[in-house]
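Given next are the chains, with one letter for each unit.
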Amino acid sequence: LENLQPEIKELAKRLRYEVSVRGKQLGWSEKVARLHFSKNMRRMVTELYVRDNCHPFKATLLLWVQVPMWVCVSLALRNCSVGALGSAVQEQFSSGGALWFTDLTAPDSTWILPVSLGLVNLLLVEV
């Protein structure tokens, strides 16, 4: 969307001129000229969105999926970590790790997981 802004501004400038010339030829009032401009501008912007496959709704789609998922996972992890699910879950967490993190209830002293998670998140944001 951001990459289309210069093209949209140029189209708006050209369309404003064309509508102004056409309005003077046909004797349109200012209100009619604005109506023609806005209708044609909407159509042209929609064509640009289709051409570049970047509708604004797609930018918000991630938000509508990711935020509820993040809340649910956070609440589930919190319930597991505070023992709200029972002592059996706590026992499984204290002995159910893998590789260098055998106790999932202890902090990661090597900082491998937090740093790698941060780097992966940065990579996803930048890509």
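Anything mentioned here points back to the structure above.
First, a word on scope: everything that follows refers to the structure included in this document. Since the model is a prediction, treat every value here as computed from it, not as a measurement. (Residues numbered from 1 in each chain as written. Predicted model: local features only at pLDDT ≥ 70, side-chain atom pairs only at ≥ 80, totals over all residues. Heavy atoms only, no water.)

### Comments concerning the overall build of the protein
- A tally of regular secondary structure across the protein gives five helices and zero strands.
- Relative to the globule expectation of 14 Å for 127 residues, the C-alpha radius of gyration of the protein, 27 Å, shows a markedly less compact shape.
- Dimensions of the protein, computed from C-alpha atoms along their principal axes, come out at roughly 85 × 30 × 20 Å.
- Buried positions account for 14% of the 127 residues belonging to the protein. (Helix = DSSP H or I, 4+ residues; strand = E, 2+ residues; numbered from the N terminus. Rg over C-alpha atoms; globule rule 2.2 N^0.38 Å. Buried < 20%, exposed > 50% of the residue type's maximum accessible area, 1.4 Å probe, protein only.)

### Brief notes about the pattern of salt bridges
- Within the structure shown, the criterion is met by three salt bridges.
- Linking Arg-51 and Glu-7 is a salt bridge whose minimum nitrogen-to-oxygen distance equals 3.0 Å. One end of the pair, Arg-51, is in helix α2 (residues 30–52); the other, Glu-7, is in helix α1 (residues 5–26), and 44 residues separate them in sequence.
- Classification of Glu-7 as partly exposed rests on a relative accessible area of 32%.
- Asp-52 is paired through a salt bridge with Arg-51; the nearest N and O atoms lie 2.9 Å apart.
- You can call Asp-52 partly exposed: its relative accessible area is 36%. (Salt bridge = Lys/Arg side-chain N within 4 Å of Asp/Glu carboxyl O.)

### Focus: α1
- End to end, α1 covers 31 Å across 22 residues, agreeing with the expected 32 Å (1.5 Å per residue, within 8%).
- Those residues of α1 lying buried are Ile-8, Leu-11, Ala-12, Leu-15, Val-19 and Gly-23. Viewed end-on, α1 has its buried residues packed into an arc of 105°, placing them on one side of the element. Set apart from the buried face of α1 by more than 90 degrees, the exposed residues are Pro-6, Lys-9, Lys-13, Tyr-17, Lys-24 and Gln-25.
- Those residues of α1 hidden inside the fold are in contact with α2. (Expected span 1.5 Å × (residues − 1). Arc of directions from axis to C-beta. Contact = heavy atoms within 4.5 Å.)

### A few points about the nonpolar core
- Ranked by internal contacts, the top residues of the largest apolar core, which has 14 residues, are Leu-4, Ile-8, Leu-15, Phe-37 and Met-41.
- Looking at this core, the elements that each hand over two or more residues are α1 and α2.
- The element contributing the most residues to this core is α2, with seven residues.
- In this structure, Met-41 is in contact with Ile-8, Leu-11, Ala-12 and Leu-15, ignoring residues within four places of it in sequence. (Core = buried A, V, L, I, M, F, W, Y, C linked by side-chain atoms within 4.5 Å.)

### Re the packing of α1 against α2
- The geometry of α1 relative to α2 is characterised by a closest axis approach of 10 Å and an angle of 150° between their N-to-C directions. With respect to α2, the element α1 is oriented roughly antiparallel. The handedness of the crossing between α1 and α2 comes out as right-handed. Seen from α1, the contacting residues are Glu-7, Ile-8, Leu-11, Ala-12, Leu-15, Arg-16 and Val-19; seen from α2, they are Ala-33, Phe-37, Asn-40, Met-41, Met-44, Val-45, Leu-48 and Arg-51.
- For the contact of α1 with α2, the class distribution of residues is 11 nonpolar, one polar and three charged. (Axes fitted to C-alpha atoms, helices over the stretch in contact; angles between N-to-C directions. Parallel < 35°, antiparallel > 145°, perpendicular 65-115°, else oblique. Left-handed = near helix turned anticlockwise from the far one by under 90°. Nonpolar A, V, L, I, M, F, W, Y, C, P; charged D, E, K, R; others polar.)

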